[in-house]
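Analysis of the macromolecular model
Next come the chains, spelled out residue by residue.
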Amino acid sequence: FIASKPKRRQPCRCGEHTRSTRTYCTAQTLQLGRGLEATNMGHSLRSTSAVTLVVCLALVVSSSAARVISDKRQSLFQLARGKFSATLGLAPSSSSDDGGGAPKPAPPPWFCHGIDCPQFRTVATTEVYETRAYPAGLIWTSTTVTGLEYDKAVSKGFMRLFHYISGGNVDKAKVPMTAPVRVRVMPGAGPFCESNFTISFFVPFVPGQPGVQIDPPAPTDPEVFTETDPSAFTAYVRSFSGYANEATLISNAATLVSALEADGKGSAKDRDHFFFAGYDAPFSPLHRHNEVWYTHAEKEVVAPAAA
């Protein structure tokens, strides 16, 4: 901007609407303002530089406004369409019929993070837990690990399954990652007795057909197997954030059991196992979502019988 002190890089060209140009433009504007205040050299600026300064400031403001408008445009459109449909007495598009009278499934919740996860219907919620209805026939790829320590057992089972989806199957196929990683925990009979942990990956949907799972390739590892939830079941779900470990898992499971007992939904002695469901990769530190499930005793998920 200052004619007597040429810069190494080209002057700010506000007409170039790129991220790097806007950043450089903003930096030049701030630097120029500080220089004017310190040296009182505003009179030495050329008229073209003054115009450039004004345009740069306008670009910064307009860029921020454009991003806000872009972010809100879609939500405003959806809101307007919903109000218009309500005025005409039409059902919203998310609950429209598929031709046979059955409602379309709701979009996946935020904690699925855009990858396939099992569909469910929320029946009720309390301050402590959520009641969900899951359909029959959900397919999982699973492995069982026996041990005393939850964290070590789950890590071992996860790596078995990760090897499977990375091509460790008869088709040598890459299977997309899904959510959640579900762990069925069957505690040992005593403090020094080993527990059984069944770690499961949800089998992904056929592309373009949400709700229809693929026929998973057979595993090459004899300790990996495919299992199916044989019937529809109700799950009582308590959610919590942060990184899950054995201590947080037991704490939230105990809180859930106490709430269910208070609501007349069974006692701890009637429950020989529970589930953990994790929805986040280990390297995602923010907005993590974890769940503890208890299900109805008569509609449990059953592992396949040993061959």
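Residues numbered from 1 in each chain as written. Predicted model: local features only at pLDDT ≥ 70, side-chain atom pairs only at ≥ 80, totals over all residues. Heavy atoms only, no water.

Here the focus is the state of the cysteines. Inspection of the entire model under this criterion finds 1 disulfide. In this model Cys112 forms its disulfide with Cys117; the gap between the sulfur atoms is 1.9 Å. Judged by the sign of its S-S torsion, about 85°, the bond between Cys112 and Cys117 is right-handed. Pair check on accessibility: Cys112 and Cys117 agree, each one buried. (Disulfide = S-S within 2.5 Å. Buried < 20%, exposed > 50% of the residue type's maximum accessible area, 1.4 Å probe, protein only.)

Let us look at unusual backbone geometry. Note that the residue after Ala179, namely Pro180, is joined by a cis bond; omega there is -5°. By the element assignment, Pro180 lies in the loop between helix H3 (150-165) and strand S4 (181-186). One non-glycine residue, His113, adopts positive backbone phi at about 55°. Here His113 is to be found in the loop between helix H2 (47-88) and strand S1 (121-125). If you check the backbone angles, Lys172 has positive phi at about 50° while not being a glycine. Mapping Lys172 onto the fold places it in the loop between H3 and S4. Note on Lys172: relative accessible area 70%, which makes it exposed. (Helix = DSSP H or I, 4+ residues; strand = E, 2+ residues; numbered from the N terminus.)

Attention now goes to empty space enclosed by the protein. Under the criterion given, the structure shown has 1 cavity of 30 Å³ or more. Roughly 70 Å³ of volume is contained in the largest cavity. What lines the largest cavity is a set of 14 residues, among which Thr141, Ile165, Val175, Phe202 and Pro204 lie closest to the centre. Broken down by secondary-structure element, the contributors of at least two residues to the lining of the largest cavity are H3 and strand S5 (195-202). Classifying every residue of the lining of the largest cavity by side-chain character gives 12 nonpolar, 2 polar and no charged. (1 Å grid on protein atoms, 1.4 Å probe; cavity = no way out; pocket = protein on both sides within 12 Å on 5 of 7 lines; lining within 4 Å. Points joined across faces, edges and corners; volume = space filled by probe spheres on them. Nonpolar A, V, L, I, M, F, W, Y, C, P; charged D, E, K, R; others polar.)

Attention now moves to the side chain of Thr143. With respect to the element layout, Thr143 can be found in strand S3 (residues 139-147). Reaching out from Thr143, the side chain makes a polar contact with the backbone oxygen of Glu223 at a distance of 2.7 Å. Ignoring sequence-local partners within four residues, the contact set of Thr143 consists of Gly157, Arg160, Leu161, Phe197, Thr198, Ile199, Glu223, Val224 and Phe225. (Polar contact = N/O pair within 3.5 Å; in protein donor to acceptor, adjacent residues only side chain to side chain. Contact = heavy atoms within 4.5 Å.)

Of all residues in the protein chain, 62% have pLDDT values of 70 or greater, and the mean over the chain is 74. Note on residues 297-307: pLDDT is under 50 here. Beyond four places in sequence and across chains, it has 21 contacts. (pLDDT = per-residue confidence, 0-100.)

Before going further, it helps to examine the pattern of salt bridges. Evaluated as defined, the whole model comprises 6 salt bridges. Among the salt bridges present, the one from Arg132 reaches Glu291, with a minimum N-O distance of 2.6 Å. One end of the pair, Arg132, is in strand S2 (residues 130-134); the other, Glu291, is in strand S11 (residues 290-295), with 159 residues separating them in the sequence. Residue class for Arg132 comes out buried when judged on its relative accessible area of 1%. Salt bridges sharing common partners tie together Glu130, Arg132 and Glu291. (Salt bridge = Lys/Arg side-chain N within 4 Å of Asp/Glu carboxyl O.)

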